[in-house]
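Structural features, examined
Below, each chain spelled out in residue letters.
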Amino acid sequence: MNHLKPSEILCATSDMGVIKARGSFARLLILGLMAGAFIAFAGAASNMGAFNLLMEPETFGLGKILSGTIFTGGLIMVVLAGAELFTGNSLMTVALAERRITPAGLIRNWIIVYIANFAGSVFVAWLVYNTGIFSSGAELLGAFTVKTAAGKVNMSFLQCFVSGILCNWLVCLAVWCSTGAPSTAGKVMASFFPIWLFVTGGYEHCIANMYFIPAGIFASQGESFAVLSGAAPEALANLTWQGMFTCNIIPVTFGNIVGGVIFVAMGYLIALKGGKK
């Protein structure tokens with residue numbers, strides 16, 4: 001069986017949007033919790049695998065390549081196991097534009113899934129913190145976790161927004177391409193490369209940050225982690241639950257929506273609607 005044509009992927013994406021909009025509260029909540037946890041597992045593993053490379057300027061690029069390679073497992077689990085991920089659900093706007101779902105149905109899905117993704121991500125961050133694993137590598141893993149989180153909450157609104165656009169452009173391309181893949185291996189490879197590009201490129205994903213920033217908040221409770229991170233006191237001042245949302249999650253979320261809706265969903269809908277490619 002061959003990979004679906006772009007016009008066929010568009011139809012499959014629209015069909016999936018209808019299913020997602022009609023999902024029960026319990027279904028969306030449970031699958032949203034799972035997706036948040038899957039992305040958090042990927043974030044925790046990517047930090048563990050690459051923290052020593054990412055702490056040094058001369059190996060930073062190699063660290064991003066390794067981190068991206070590991071992080072791809074998060075979306076692969078979402079795609080293959082089945083879960084509701086807010087960023088990927090930007091593609092539901094295809095069904096909305098075709099008037100197969102209502103704005104209320106779209107917003108309902110997004111709200112339930114977003115909250116569930118947050119809960120799943122933070123829960124895994126709390127569990128990881130309580131394993132004591134942040135003390136790994138002479139406490140450098142914990143230091144890197146704090147440094148990463150502090151960096152994210154000290155970006156400008158514009159930086160977060162634009163980085164969010166670039167991220168979800170690639171994430172939704174991964175979902176789009178995996179939708180067209182007929183086999184498990186095809187779905188894995190279709191998911192792998194766009195996610196690898198987004199992480200290696202250093203872009204911002206709101207759900208991933210729902211792990212990275214809370215993990216940094218938890219880790220910063222250990223004074224040694226905060227000191228070893230090398231983060232300035234003023235940078236750590238924003239590393240709070242309020243700072244997480246106002247300084248990162250909110251602008252990144254808006255950027256993610258624009259990246260997925262405008263550059264993937266609407267781009268392909270306008271290009272392919274009514275035509276056979």
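Refer to the preceding data block for the structure.
Reference entry: report on the structure contained in this document. Numbers given for residues are sequential positions, taken from 1 along each chain in its written order. At least 70 in pLDDT is required for a residue's local features to be given in this predicted model, at least 80 for side-chain atom pairs to be given and counted, and no such filter applies to totals for whole chains, interfaces and linings, which use all residues. Computation of side-chain values covers all heavy atoms of the structure but excludes hydrogens and water.

1. Examining the environment of Leu127
The condition that has to hold: Under the scheme used here, helices are H or I runs from DSSP no shorter than 4 residues and strands are E runs no shorter than 2 residues, and both carry numbers assigned from the N terminus.
Following the sequence through the fold, Leu127 ends up in helix H5 (residues 103-130). Distance in space between the C-alpha atoms of Leu127 and Leu106 is 32 Å, their sequence separation being 21 residues.

2. Some remarks on the nonpolar core
Short version of the rule: Nonpolar cores were defined as sets of buried Ala, Val, Leu, Ile, Met, Phe, Trp, Tyr and Cys residues, with membership established by side-chain atoms within 4.5 Å. A simple rule labels every residue: compare its accessible area, found with a 1.4 Å probe on the protein chains alone, to the largest value its type can have, and call it buried under 20%, exposed over 50%, or partly exposed in between. The criterion used for residue contact is that any of the two residues' heavy atoms lie within 4.5 Å.
Formed by 78 residues in total, the largest nonpolar core has its most connected members in Phe71, Val78, Phe86, Phe134, Ile195, Phe198 and Tyr211. With residues near it in sequence (within four places) discarded, Ile195 still touches Phe71, Thr72, Leu75, Val171 and Ala174.

3. Here's the deal with the side chain of Asn168
The following threshold applies: Polar contacts here mean pairs of N or O atoms no more than 3.5 Å apart (in protein, one a potential hydrogen donor and the other a potential acceptor; neighbouring residues in sequence count only if both atoms are side-chain atoms).
Position of Asn168 among the secondary structure elements: in helix H7 (residues 157-180). A polar contact of 2.8 Å, which involves the side chain of Asn168, links it to the backbone oxygen of Asn256. Excluding anything up to four places from it in sequence, Asn168 contacts Thr87, Ser90, Asn256, Gly259 and Gly260.

4. Considering the pattern of salt bridges
Pairs may arise between side chains of opposite charge once their charged atoms sit close together. How we decide: The salt bridge definition used is simple: a Lys or Arg side-chain nitrogen within 4 Å of an Asp or Glu carboxyl oxygen.
One pass over the full model with this rule turns up five salt bridges. Glu84 serves as the salt-bridge partner of Arg27, at 3.5 Å between the closest nitrogen and oxygen. Here Arg27 is found in helix H2 (residues 25-54), whereas its partner Glu84 is found in the loop between helix H3 (60-82) and helix H4 (93-97), with 57 residues between them in sequence. Residues Glu204 and Lys152 are paired through a salt bridge, measuring 3.1 Å at the closest nitrogen-oxygen approach.

5. Remarks on the packing of H5 against helix H9 (residues 206-219)
Quick reminder of the rule: Axes, fitted as lines to C-alpha atoms, cover a helix only where it is in contact. Angles between the N-to-C directions of the axes lie from 0 to 180 degrees. Crossing handedness is read from the near helix: turned anticlockwise from the far helix by less than a right angle, it gives a left-handed crossing, and turned clockwise, a right-handed one. Residue polarity follows a fixed list, in which Ala, Val, Leu, Ile, Met, Phe, Trp, Tyr, Cys and Pro are nonpolar, Asp, Glu, Lys and Arg are charged, and the others, Gly among them, are polar.
It is at 8 Å that the axes of H5 and H9 come closest, and there the two elements cross at 35°. Here H5 runs over H9; the crossing is right-handed. For the pair H5 and H9, contact is made by Tyr114, Asn117, Phe118, Ser121, Val122, Ala125, Trp126, Val128 and Tyr129 and by Cys206, Ile207, Met210, Tyr211, Pro214, Ala215, Phe218 and Ala219, respectively. Classifying every residue of the contact of H5 with H9 gives 15 nonpolar, two polar and no charged.

6. Notes on unusual backbone geometry
Most peptide bonds take the trans configuration, and most residues that are not glycine carry a negative phi. Residues other than glycine seldom take positive phi values, yet Arg99 does so here, at roughly 60°. Looking at the element boundaries, Arg99 is found in the loop between H4 and H5. By relative accessible area, Arg99 is classed as exposed at 77%.

7. Structural notes on a nonpolar patch on the surface
Note the following rule: Only residues whose relative accessible area exceeds 30% and that form no salt bridge are eligible for patches; like-charged ones are grouped when within 9 Å, while nonpolar side chains (Val, Leu, Ile, Met, Phe, Trp, Tyr) are grouped when within 5 Å. Where accessible areas are quoted, they stem from the Shrake-Rupley method and a 1.4 Å probe; at the residue level, only the protein chains shown are allowed to cover.
Where nonpolar side chains cluster on the molecular surface, the patch consists of Leu158, Val162, Leu166, Trp169, Ile262 and Phe263 and spans about 520 Å² of accessible area. Sorting the residues of the nonpolar patch by element identifies H7 and helix H12 (241-272) as the ones contributing at least two each. Tracing the chain through its elements places Trp169 in helix H7.

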